[in-house]
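Read off the chains here:
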Amino acid sequence: MRGLKDGIIVVTGAAQGIGKATVPRLRDEEATVLVADRNGEGAQAVAAEIILSRGHAEAFARDVSDRRQGLNFAAHVQGRYGHIDGLVNNAGVTCDGEGGLHRWPPLPDPCHRG
Ligand SMILES: NC(=O)c1ccc[n+]([C@@H]2O[C@H](COP(=O)([O-])OP(=O)(O)OC[C@H]3O[C@@H](n4cnc5c(N)ncnc54)[C@H](O)[C@@H]3O)[C@@H](O)[C@H]2O)c1
């Protein structure tokens, strides 16, 4: 991850796990990170940590499988930043551990429509 200084990078599913771990790496590259997750409080907490450490971030409570939310998000980003330079399309649901197959139903939404 090099050459992202001043870039506008969206990370979906950024409230925890792989997405959350990716955000400070982007901060270290001096990118502005748009922290998006359906868990809005989690996204806020991740963005707040970046801002506290003098990075640039903005949090969005956004379900990537919801088209209307996607259009609103795109309109906000276009208006405020004008463009994006990168997308970490990470939001998704894993089917590991307890529960297994019964967790399948939510999988196609973020993975196919997100
Ligand atoms: N962890 C693994 O071993 C592994 C392996 C293969 C693929 N993946 C994929 O990598 C990605 C991240 O995995 P992880 O282990 O960090 O998962 P995780 O469950 O720890 O985190 C996923 C994040 O995505 C968010 N999210 C889920 N659905 C969303 C939606 N519709 N809209 C917005 N946000 C949504 C959740 O709120 C959560 O914050 C997932 O897409 C997963 O399928 C993970």
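Treat the numbers as computed from the prediction; the structure is a model and nothing was measured.

(A) Structural view of the overall build of the chain. In terms of regular secondary structure, the chain is built from four helices and four strands. N-terminal to C-terminal, the α/β element order of the chain is β-α-β-α-β-α-β-α. Within the chain, the fraction of its 114 residues that count as buried is 30%. Residue pairs in contact within the chain that sit at least 24 positions apart in sequence constitute 59% of those at least 6 positions apart.

(B) Region of the structure containing helix α2 (residues 40–52). In a regular helix each residue adds 1.5 Å, so 13 residues correspond to 18 Å; α2 covers 18 Å between its end C-alpha atoms and thus fits that length. Buried within α2 we find A43, V46, A47 and I50. The arc enclosing the buried residues of α2, seen along the axis, measures out at 95°, which places them on a common side. Exposed positions of α2 whose direction lies more than 90 degrees from the buried face are E41 and L52. Where α2 is buried, its residues contact α1 (17–28), β2 (32–37) and β3 (56–61). In the stretch just after α2, R54 is the one whose phi turns positive, near 70°.

(C) Here's a closer look at the environment of G82. Tracing the chain through its elements places G82 in the loop between α3 (67–81) and β4 (86–88). Remark: the alpha-carbon pair of G82 and I8, spanning 74 residues in sequence, is separated by 9.5 Å.

(D) A look at the nonpolar core. With 21 residues, the main nonpolar core has I9, V11, V33, V35 and A43 as its most contacted residues. Where this core is concerned, the elements lending two or more residues are β1 (8–12), α1, β2, α2 and β3. Leaving out residues up to four positions away in the same chain, V11 has contacts with G19, T22, V23, V33, V35, A36, V88 and N90.

(E) The pairing of β1, seen in detail. Of all the five residues making up β1, five are buried; the element is thus mostly covered by neighbouring parts of the structure. As defined by bridge partners, β1 adjoins β2 across five bridges and the pair is classed as parallel. Across the sheet, I8 pairs through a bridge with T32, a residue of β2. As a crossover connection, the stretch from β1 through α1 into β2 is right-handed. Relative to β4, β1 runs parallel, the two sharing three bridges. Along β4, the bridge assignment pairs I9 with G86.

(F) Summary view of the sheet that holds β4. Pairing within the open sheet is parallel, and its four strands lie in the order β3-β2-β1-β4. Among the strands making up the open sheet, the edge pair consists of β3 and β4. Averaged over all neighbouring strand pairs, the angle between strand axes comes to 20°, with direction disregarded. Here α1 sits on the sheet and contacts β1, β2 and β4; the angle it forms with β1, its principal contact strand, is near 165°. Relative to the sheet, α2 contacts β2 and β3, its axis offset from that of β3 by approximately 175°.

Basis of the calculations
Residues numbered from 1 in each chain as written. Predicted model: local features only at pLDDT ≥ 70, side-chain atom pairs only at ≥ 80, totals over all residues. Helix = DSSP H or I, 4+ residues; strand = E, 2+ residues; numbered from the N terminus. Buried ≥ 20, exposed ≤ 12 C-beta atoms within 10 Å, placed from the backbone. Contact = placed C-beta atoms within 7 Å. Expected span 1.5 Å × (residues − 1). Arc of directions from axis to C-beta. Core = buried A, V, L, I, M, F, W, Y, C linked by C-beta atoms within 7 Å. Pairing = 2+ DSSP bridges. Right-handed = clockwise from strand over helix to strand, strands pointing away. Axes fitted to C-alpha atoms, helices over the stretch in contact; angles between N-to-C directions.

By themselves, these are just geometric observations and shouldn't be taken as functional.
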